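# Chains, contacts and geometry: an overview
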Amino acid sequence: MSETKHIVLGVTGCIAAYKSADLVSKLVSRGFEVRVVMTKSATELVTPRTFQTLSRNNVTTSLWDVPDWKPEHVALSNWADLMVIAPCTANTLAKIAHGIGDDALSTCVLANQSPLLVAPAMNPAMWNNPAVQENVEILKKRGVQFAGPVCGHVACGADGTGRMIEPAEILEKIFEILNIAK
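Residues numbered from 1 in each chain as written. Predicted model: local features only at pLDDT ≥ 70, side-chain atom pairs only at ≥ 80, totals over all residues. Heavy atoms only, no water.

## So, the overall build of the chain
Each helix and strand counted, the chain has 9 helices and 8 strands in total. Taken over the C-alpha trace, the chain has a radius of gyration of 15 Å; the compact-globule value for 182 residues is 16 Å, and the two agree within 12%. For the chain, restricting intrachain contacts to residue pairs at least 6 apart in sequence, the fraction spanning at least 24 positions comes to 74%. The distance from the centre of the 16 positive side-chain charges to the centre of the 17 negative ones in the chain is 2 Å. (Helix = DSSP H or I, 4+ residues; strand = E, 2+ residues; numbered from the N terminus. Rg over C-alpha atoms; globule rule 2.2 N^0.38 Å. Contact = heavy atoms within 4.5 Å. Lys, Arg positive; Asp, Glu negative; His and termini not counted. Charge placed at Lys NZ, Arg CZ, Asp CG, Glu CD.)

Shown next as structure tokens:
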């Protein structure tokens, strides 16, 4: 890459959050600058320190706990060349589809002007729920890009579509969206 690209990575409260650490590592090793925004639920699964170490940047978990006063959600959104949410839960899909901004990540999405890529991850019954599918259609009509989910075995023991795609596949999609040669 001739010029450093900036990625804001949203991490939500799904067991697939552990895969996002690998995604951050892959992005940084390829020269991207990454800033991570975590939901409160995500912090119950992977610590912010993990993402801080891998990204070499502070991690945003709250709009209220920022080191310097600034509207963090706007600053991050203006900084981003691409916003990625991986994993993206059904709850977060619904928030985005309906314009709900009640945490650091959802307000960043509302302020975002760059392309948005989501990598859904959830139980197959949840993915197939008509409300979730309606939210997906709303977001696709607005230009939100999707990477997955794929069919497979999920953490709760179920099989079916709902598994988050692998970080390497998300990285490929990022290169495609940003029109970067691999």
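What follows continues from the structure just given.
## Here we look at the nonpolar core
Core analysis: the biggest nonpolar cluster contains 35 residues, and Phe 32, Ile 170 and Ile 174 have the highest contact counts within it. For this core, the secondary structure elements donating two or more residues are β1 (6–11), α1 (17–29), β2 (33–38), β4 (82–88), β5 (116–120) and α9 (167–177). Leaving out residues up to four positions away in the same chain, Ile 174 has contacts with Ile 7, Leu 27, Phe 32, Leu 82, Val 84 and Leu 117. Core analysis: the second largest hydrophobic core is formed by 25 residues, Ile 85, Val 109, Leu 116 and Val 118 among them. (Core = buried A, V, L, I, M, F, W, Y, C linked by side-chain atoms within 4.5 Å. Buried < 20%, exposed > 50% of the residue type's maximum accessible area, 1.4 Å probe, protein only.)

## What about the pairing of β4?
Burial analysis of β4 places 7 of its 7 residues in the buried class, the great majority of the element. Of the two faces of β4, both are covered, the one formed by Leu 82, Val 84, Ala 86 and Cys 88 as well as the one formed by Met 83, Ile 85 and Pro 87. The pairing of β1 with β4 spans 4 bridges and is classified as parallel. Counted as the bridge partner of Val 8 is Met 83 from β4. Here β4 pairs with β5 via 4 bridges, running parallel. Among the inter-strand pairings, Ile 85 is bridged to a residue of β5, identified as Val 118. (Pairing = 2+ DSSP bridges.)

## Examining the environment of Val 24
Summarising the element assignment, Val 24 is placed in helix α1. Placed 17 residues apart in sequence, Val 24 and Ile 7 show a C-alpha to C-alpha distance of 9.4 Å. Discounting chain neighbours no more than four positions away, the residues touching Val 24 are Leu 9, Val 34, Val 36, Phe 51, Leu 54 and Ser 55.

## A short note on the packing of aromatic side chains
Summed over all chains, the structure comprises 1 aromatic pair. Plain terms: the ring middles of Phe 32 and Phe 175 are 5.7 Å apart, the flat faces sit at 80° to each other, and that makes the pair edge-to-face. Placement of Phe 32 in the loop between α1 and β2 and of Phe 175 in helix α9 is noted, with a sequence separation of 143 residues between them. The pair formed by Phe 32 and Phe 175 is uniform in burial state, with each residue classed as buried. Against the face of Trp 79 rests Arg 35, its NZ or CZ located 4.5 Å from the ring centre. Here Lys 140 stacks its cationic end above the ring of Phe 146, 5.5 Å away from the centre of that ring. (Phe/Tyr/Trp six-rings, centres within 6.5 Å; stacked < 30°, edge-to-face > 60°. Lys NZ or Arg CZ within 6 Å of the ring centre and 35° of its normal.)

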